[in-house]
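Fold and geometry: a report
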Amino acid sequence: MTNDLIRLKQWLESFNCKDVAMESTGKYWIPVFNILEDSCNITLANPRFVKNMPGKKTDPNDSRWLGKLHRHGLVPGSFIPPKDIRQLRELTRYRTKLTNMRSSEKNRLQNSLTVCNIMLSNVVSDTSGLSSRKIIEALLNGEDLSPDNLREFVHGKLHKKIPDLQEALNGKLTEHQISKIKVILEHFFQINECLAEVDLLILEKTKPYQYYISLLETIPGIKQKAAQTILSEIGTDMSVFFSDQHLCSWAGVSPRNNQSAGKKKSTKIGEGDSYLKPILCQCANAAVKSKSSFLCAKYKSVASRRGHKKAIIAVARVMLVAIYHMFKNNEPFKDMGHDNYSKMISDQKQRAMVKELESLGYKVEKVVK
């Protein structure tokens, strides 16, 4: 309870204890952190890095082991952003959860239509779009969906697909599925309202950080919502990371370095930040569509050798390195362009060949014509 934690704080102060280490266990470390944040230097340890020998695990033993490691400086602290960034992070992560819930409801709606032989998703691109919603409401109300009546419900290019729509709607909703779809739609619209409210709260929280949001939006593929999520995950102070490589490793967009006895083992990327990495990959997929950009050239170069997925991770890593230096130096993104990337790769290959020749005993000199 809070009173117990206050007594803990007073007990630590009575011994003039200013350094505290504790494990990160779900959300249970946060109440302790809230009480001790102002009076102690807190090191939050990842349990993976401070595990004791198996067979000796009790809470007192874990505490003693953690204290012993901390005294020797062997507990790497986890990144804890400032309070306002933590509050923004809670909102952006909640928005992600709501978005996932909305997608789940869209899938449930589509499944309900499919089991009733209504293949609407085979004709329309989005079953939650305006035309689709009107058609579904007409189905729920038992209205006649002849070709002439269908023209009242569809918009734009769907007018050309009325014969296909007529074929796709050749099914029958059961009473059970009608009741279920009504609940799904009600929940879907409620989630939309919640998302709109959360977006307003996030906009309010990001007002002091509009400069950093505008910096992030200079990178191809990053728009406002993605910028808000990236900012909430990494903060604005890059001094908490040793280097851009450290930030990439922490985010999970760097290959592992796993070697033993001269043999390279798996270089699969780590888990990293489960909210930051997906949004970076989404932005990377959008960025590579700009044909003349440096990011597109990077993607094509890696994709031709390693495939689409690894190329997207490589582009996400380039974007995160750029973000690190943009925040550190307070400067916008500078796109070097497609041609500069090709020249850079050519120079790298040339240096590698020169190095190989020199290792064989040859002397290489540059001749200017």
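Data block above holds the structure.
So, a few notes on the structure that sits alongside this text. Every value quoted in this text rests on a predicted model; they were computed, and no experiment measured them. (Residues numbered from 1 in each chain as written. Predicted model: local features only at pLDDT ≥ 70, side-chain atom pairs only at ≥ 80, totals over all residues. Heavy atoms only, no water.)

**Some words on the overall build of the protein chain**
For the protein chain, the helix and strand inventory stands at 15 helices and 4 strands. Rg of the C-alpha trace for the protein chain: 28 Å, well past the compact-globule value of 21 Å for 369 residues, more than 25% over. Across its three principal axes, the protein chain shows a C-alpha extent of roughly 80 × 80 × 45 Å. Scored against the burial criterion, the 369 residues of the protein chain give a buried share of 36%. Summed over all atoms, the accessible surface of the protein chain reaches about 23500 Å², with 52% contributed by carbon and sulfur. (Helix = DSSP H or I, 4+ residues; strand = E, 2+ residues; numbered from the N terminus. Rg over C-alpha atoms; globule rule 2.2 N^0.38 Å. Buried < 20%, exposed > 50% of the residue type's maximum accessible area, 1.4 Å probe, protein only. Areas by Shrake-Rupley, 256 points an atom, 1.4 Å probe, with all protein chains shown as cover.)

**A short note on helix H13 (residues 294-306)**
Taking 1.5 Å of rise per residue, the 13 residues of H13 would be expected to cover 18 Å, and the 18 Å separating its terminal C-alpha atoms lies within 8% of that figure. Restricting attention to buried positions, one finds in H13 the residues Phe-294, Leu-295, Cys-296, Ala-297, Tyr-299, Ser-301 and Val-302. (Expected span 1.5 Å × (residues − 1).)

**Side note on the packing of aromatic side chains**
The relation between two aromatic rings is expressed through the spacing of the ring centres and the mutual angle of the planes. Counted according to the given criterion, the structure contains 8 aromatic pairs. Ring geometry for Trp-29 against Phe-33: centres 5.5 Å apart, planes inclined by 75°, an arrangement best described as edge-to-face. Residue Trp-29 and its partner Phe-33 are located together in helix H2 (residues 29-36), separated by 4 residues, close to a single helical turn. Relative accessible area serves as the criterion here: at 13%, Trp-29 is assigned to the buried category. According to the relative accessible area criterion, Phe-33 is buried, its value standing at 7%. Seen in terms of ring centroids, Phe-241 and Trp-250 are 5.4 Å apart; in terms of plane orientation they differ by 55°. Their pairing is tilted. (Phe/Tyr/Trp six-rings, centres within 6.5 Å; stacked < 30°, edge-to-face > 60°.)

**Let's talk about the nonpolar core**
Counting 54 residues, the largest nonpolar core has Ile-222, Ile-230, Ile-323 and Phe-327 as the members making the most contacts within it. In terms of residue count, the dominant contributor to this core is helix H14 (residues 308-329) (14 residues). Excluding residues within four positions of it along the chain, Ile-230 makes contact with Leu-216, Ile-222, Gly-235, Leu-276, Ile-279, Leu-280 and Ile-323. Grouped together as the second largest cluster of nonpolar side chains are 26 residues, Cys-116, Leu-139, Leu-140 and Phe-153 included. (Core = buried A, V, L, I, M, F, W, Y, C linked by side-chain atoms within 4.5 Å. Contact = heavy atoms within 4.5 Å.)

**Brief notes about a nonpolar patch on the surface**
On the surface, a nonpolar cluster with roughly 400 Å² of combined accessible area is contributed by Leu-357, Leu-360, Tyr-362 and Val-364. On the secondary structure map, Tyr-362 appears in the segment after helix H15 (337-359). (Patch = residues over 30% accessible without salt bridge, like charges linked within 9 Å, V, L, I, M, F, W, Y side chains within 5 Å. Salt bridge = Lys/Arg side-chain N within 4 Å of Asp/Glu carboxyl O.)

**Quick look at the packing of helix H12 (residues 276-287) against H14**
Their axes nearest at 8 Å, the elements H12 and H14 cross at an angle of 105°. In terms of orientation, H12 lies roughly perpendicular with respect to H14. For the pair formed by H12 and H14, the contact residues are Leu-280, Cys-281, Cys-283, Ala-284 and Asn-285 on the first element and His-308, Ile-312, Ile-313, Val-315, Ala-316, Met-319, Leu-320 and Ile-323 on the second. (Axes fitted to C-alpha atoms, helices over the stretch in contact; angles between N-to-C directions. Parallel < 35°, antiparallel > 145°, perpendicular 65-115°, else oblique.)

**Side note on the side chain of Thr-92**
One can find Thr-92 in helix H4 (residues 83-115). With a relative accessible area of 1%, Thr-92 lands in the buried category. Those residues in contact with Thr-92, other than ones at most four positions away along the chain, are Ile-202, Gln-228, Thr-229 and Ser-232.

**Some words on the environment of Val-302**
For Val-302, the location among the structural elements is in helix H13. With a relative accessible area of 8%, Val-302 lands in the buried category. Spatially, the C-alpha atom of Val-302 lies 8.7 Å from that of Ile-312, the residues being 10 residues apart in sequence. The contact partners of Val-302, leaving out residues within four places of it in the chain, are Gly-307, Lys-310, Ala-311 and Ala-314.

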